[in-house]
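Survey of secondary and tertiary structure
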Amino acid sequence: MEPAARRSIGELYAWAFGHNPHGIAVLDADTGAIVLANDAYARLLGKRPEELHGRSRSSLYPPSEHASLRAATDSADLTGTSRLKTCVLHSDGSVIPVALCLAPIRDGAGHVTHRIETVQDLRPQLHAEGLQRDREVREGSAERFRQLAHGAPIGILLMDEEGKLEYANPHWLQITALSLEQARQQGWSGAVHPEDRSRVREAWSPLDAAMPLSLEFRYQRPGGEVRWVQSRAAALRDDGGESAGYIAVDVDVTDQVRQRAAIDGFHARIRGLANRLEHLREDERADLARKLHGTLRQDLTTLKAHIETLRGRPSKSAPAKPSLEPVARLADGCLEQLRRIAFELQPPGVEDLGLEAVMKRFADECAEQSSLSVELSTAGLPADLDRRRSLALYRVFQEALTNVIRHARAKKVEARIWLQDGTVRLRVSDDGVGVGENDRSKAGAFGLLAISERLAELGGTLRVLGVAGRGTTVEASLPHERVKRISRAR
């Protein structure tokens with residue numbers, strides 16, 4: 001290198017390596033090797049300046065950037081300067097975005113002897129631009145959210161990390177009949193019905209643990225009117241996972257709640273009517289049984305006695321009279337029919353003979369009348385059941401066998417009654433045609449409904465299990481001891 005050239009390099013060194021914040025390097029034009037580099041340039045590459053001396057400039061850039069670097073170099077030699085956004089390789093292997101500026105240095109003959117390369121770290125600038133774009137995106141998203149929420153047909157709330165109301169859409173304000181200022185002053189929870197506030201507070205506690213909420217509760221309007229809502233809420237998190245507030249969506253379900261209450265009330269009335277009807281039926285059965293047993297039976301017995309008297313005292317002078325044997329047989333048949341009717345209406349001997357005896361008697365009569373095979377097992381049946389429980393279980397047995405005879409077209413019935421875990425259980429199974437879904441809603445199923453209500457009044461349950469073509473099973477359970485009935489009211 002000529003002394004004049006060396007002096008120019010020294011002058012460049014004094015200028016470039018003072019306190020310039022940008023990375024500056026002097027490159028040999030022929031070889032592309034680094035002649036000099038300042039501290040800022042070396043730091044950007046994760047090296048010391050002396051480590052860069054003699055290194056090829058191209059080794060500091062990813063291979064993908066080499067073509068654009070050559071084009072920028074040629075442009076600088078032609079025009080005097082060129083600029084390029086590219087990236088350099090740090091010693092730890094990371095890639096750093098930079099802004100590159102190239103300028104040629106010429107000798108007295110105009111030949112390019114060196115080039116000055118200035119690089120600027122773009123990371124701070126890109127970070128600032130990213131933050132700005134993020135703010136713009138967030139602000140745009142927030143604006144779009146508010147536009148959508150404003151016209152939504154559901155209540156939408158936004159709260160900060162302390163639960164303070166930040167936003168309420170018009171529909172939520174309509175549900176609670178509050179203004180936005182009122183909602184912010186008293187807080188959204190102030191609109192919750194006083195009887196529901198503790199329940200709502202407890203439900204909101206798990207939200208901080210990223211557990212969403214789904215809860216039905218009431219808002220109370222300033223005038224006292226109540227509105228039911230189905231509320232869903234979740235915690236909001238920032239990019240770092242920290243709590244950024246909460247969002248809640250409330251759907252007004254007041255009409256649905258009222259409809260459910262009306263349906264529940266209707267069902268309660270139906271159950272009450274069924275229970276009342278069953279009691280009336282039982283009273284009528286008892287009254288009719290008393291009349292049949294006390295009046296007609298007595299009359300027919302008297303009739304038979306008179307017939308026997310007449311038949312036993314023939315007159316010698318009177319002509320022969322027709323035989324009274326058919327009349328006697330008819331009276332016997334009437335008495336037998338009355339006995340069966342009276343037993344069916346009001347089984348005698350439940351208190352005196354016990355449930356086991358009257359069930360066996362009814363099973364025998366059903367088998368005799370219908371040629372149905374009835375197998376009854378009463379092993380383990382407690383002998384100390386009171387009248388109401390005995391009669392309720394007998395009615396289940398009676399209704400089940402009656403339905404089998406009338407509808408099931410069955411050949412065999414297996415029945416079992418036993419005590420298990422403090423509960424008296426009754427199961428009646430047949431091998432008939434079974435029941436389908438349509439059969440359960442027929443008018444004939446009202447008897448089972450009434451019996452079910454009678455069992456429920458005593459703390460028991462009734463289930464009817466069956467598949468069309470595969471038989472039917474009726475299962476009843478009743479506590480052995482008296483229990484308090486659980487209210488079905490809402």
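Structure's up top.
Summary of the structure given here.

Quick notes on the rules
- Residues numbered from 1 in each chain as written.
- Predicted model: local features only at pLDDT ≥ 70, side-chain atom pairs only at ≥ 80, totals over all residues.
- Heavy atoms only, no water.
- Helix = DSSP H or I, 4+ residues; strand = E, 2+ residues; numbered from the N terminus.
- Buried < 20%, exposed > 50% of the residue type's maximum accessible area, 1.4 Å probe, protein only.
- Contact = heavy atoms within 4.5 Å.
- Patch = residues over 30% accessible without salt bridge, like charges linked within 9 Å, V, L, I, M, F, W, Y side chains within 5 Å.
- Areas by Shrake-Rupley, 256 points an atom, 1.4 Å probe, with all protein chains shown as cover.
- Salt bridge = Lys/Arg side-chain N within 4 Å of Asp/Glu carboxyl O.
- Pairing = 2+ DSSP bridges.
- Polar contact = N/O pair within 3.5 Å; in protein donor to acceptor, adjacent residues only side chain to side chain.

Considerations on the side chain of E399
- Its place among the elements puts E399 in helix α12 (residues 387–408).
- For E399, a relative accessible area of 14% translates into the label buried.
- Discounting residues that sit within four places of it in the chain, E399 has contacts with G447, L448 and I451.

Topic: a nonpolar patch on the surface
- There is a patch of nonpolar side chains on the surface, built from F266, I270, L273 and L449 and spanning about 350 Å² of accessible area.
- By residue number, the principal contributor to the nonpolar patch is helix α9 (residues 254–312), which donates 3 residues.
- When its relative accessible area of 45% is taken as the criterion, F266 is described as partly exposed.

Quick notes on the pairing of strand β5 (residues 112–121)
- Pairing analysis gives 6 bridges linking strand β1 (residues 23–28) to β5, with the strands arranged antiparallel. Across the sheet, the residue bridging to G23 is V119, located in β5.
- Sheet topology places strand β4 (residues 95–106) next to β5; 9 bridges connect them, and they run antiparallel. Across the sheet, P104 pairs through a bridge with R115, a residue of β5.

Quick notes on the side chain of R227
- With respect to the element layout, R227 can be found in strand β9 (residues 226–237).
- A polar side-chain atom of R227 sits 3.4 Å from a polar atom in the side chain of T254.
- Beyond its immediate chain neighbours, meaning those up to four positions away, R227 contacts I175, F217, R218, Y219, R221, D252, T254 and R258.

Note that every value here comes from positions in space, so none of it alone points to a role or purpose.
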